[in-house]
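Understanding the architecture of this molecule
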Amino acid sequence: MVIRDDGKPIDFTFTDIEQYGNFAQIKHFDTYSQLLDSFYETRDSRERMRVKSQDLTKMLVNLSERISRKLAKQKIELKECANREQLRINGDLLQANLYRIERGASFAEVENFYDENMSLIRIKLNPAISPAANAQKYYKDYQKAKNAEHILTEQIEKGRSELEYIDSVLDTVSRAESERELAQIREELTEQGYLRKQKGKQRPQAALPPLEFTSSDGFKILVGRNNTQNDKLTLKIANKNDMWLHTKDIHGSHTVVFAEGREISDTAILEAAQLAAYYSKARESSQVPVDYTLVRYVSKPSGARPGMVIYVNNKTVYVTPKANISE
């Protein structure tokens, strides 16, 4: 049976296949019946997972698109606020020339004393109100734009953070391999207010442990399955002298190499980086950048969403994703 790096069976035959090279694994079976059972069971299981995650995927995609549209609109509004200083200047110029402006005029031409050349500037007026009221309206519009800029800047930052979180959950859904993993993602989204709590007593499912691997030179490596588990792995399970890894600017799992009193080897870091790249949005890519630093340099900002951390003193290694470092 021919198996892709992500575990998906893609072909089977009666003889060895060498045409895929390092891009696929070859698994042998004693009988054709065993091969066929494994091929279709694995394929059907993956299809069932795809179907079971459809509602979550659809909800998250819709939410991501809605946030993106809102952000685009807010950015346009913020750009419009950039002209607010001209509103204040218009108010100042009108205020200084009230004695020259006739009531009912639709515009006023005055010298701009903010310009070193004292050039003439034409200011639009509302003829239905007095020149003084026009000046006050420009001041009010200036203050409104100033306040809007502050609010929009905060809203845009909040929106970007939420979009990052939603996209990270989408990534974990796409990599979920069991119904228990999907259940934990649903639980996380419920705690974050994106899903309603189901009525009645729900029997809590035991949380799955992080994925566990061993480097070729004997170091234990754990990989988080979702955002909640990423937090627990990095902030509670790991020791400050352990090594933390994460794909650079790419959604993915937190990965930790446990020192356990030893100096962590370059080999362990490289193999952990291959795992971090595989359990990320870049698993189909090559030369994936993975940041690594000691756990002591990783922290969670106050109020940050699950899985979101900041880190310093990091280095970067470029690797090709690998699902099983023992091969």
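Structure: see above.
Residues numbered from 1 in each chain as written. Predicted model: local features only at pLDDT ≥ 70, side-chain atom pairs only at ≥ 80, totals over all residues. Heavy atoms only, no water.

1. Observations regarding the packing of helix α2 (residues 54-81) against helix α4 (residues 131-175)
Direction vectors running N to C along α2 and α4 enclose 160°, while the axes themselves pass 9 Å from each other. Overall, the two elements α2 and α4 adopt an arrangement that is roughly antiparallel. Between α2 and α4 lies a crossing of left-handed hand. Tallied by class, the residues present in the contact of α2 with α4 amount to 17 nonpolar, seven polar and six charged. (Axes fitted to C-alpha atoms, helices over the stretch in contact; angles between N-to-C directions. Helix = DSSP H or I, 4+ residues; strand = E, 2+ residues; numbered from the N terminus. Parallel < 35°, antiparallel > 145°, perpendicular 65-115°, else oblique. Left-handed = near helix turned anticlockwise from the far one by under 90°. Nonpolar A, V, L, I, M, F, W, Y, C, P; charged D, E, K, R; others polar.)

2. Topic: the pairing of strand β7 (residues 220-223)
The pairing of strand β6 (residues 211-214) with β7 spans four bridges and is classified as antiparallel. Bridge pairing in β7 places T214 opposite K220. Between β6 and the antiparallel strand that follows it, β7, lie five residues; G218 among them carries a positive phi value of about 95°. Relative to strand β9 (residues 255-257), β7 is paired through three bridges, and the arrangement is antiparallel. Looking across to β9, one finds that L222 is bridged to V256. (Pairing = 2+ DSSP bridges.)

3. A closer look at the packing of aromatic side chains
Under the defined criterion, the tally for this structure stands at six aromatic pairs. Each ring, one from F113 and one from Y114, has its centre 5.1 Å from the other, and the planes form 40°; the classification is tilted. Relative to Y279, the ring of F213 has its centre 6.1 Å away and its plane inclined at 45°; by these criteria the two rings are tilted. Taken together, the residues span a long stretch of sequence, with F213 in strand β6 and Y279 in the loop between α7 (266-278) and β10 (288-294) at a distance of 66 residues. Note on accessibility: F213 and Y279 belong to one class, buried. (Phe/Tyr/Trp six-rings, centres within 6.5 Å; stacked < 30°, edge-to-face > 60°. Buried < 20%, exposed > 50% of the residue type's maximum accessible area, 1.4 Å probe, protein only.)

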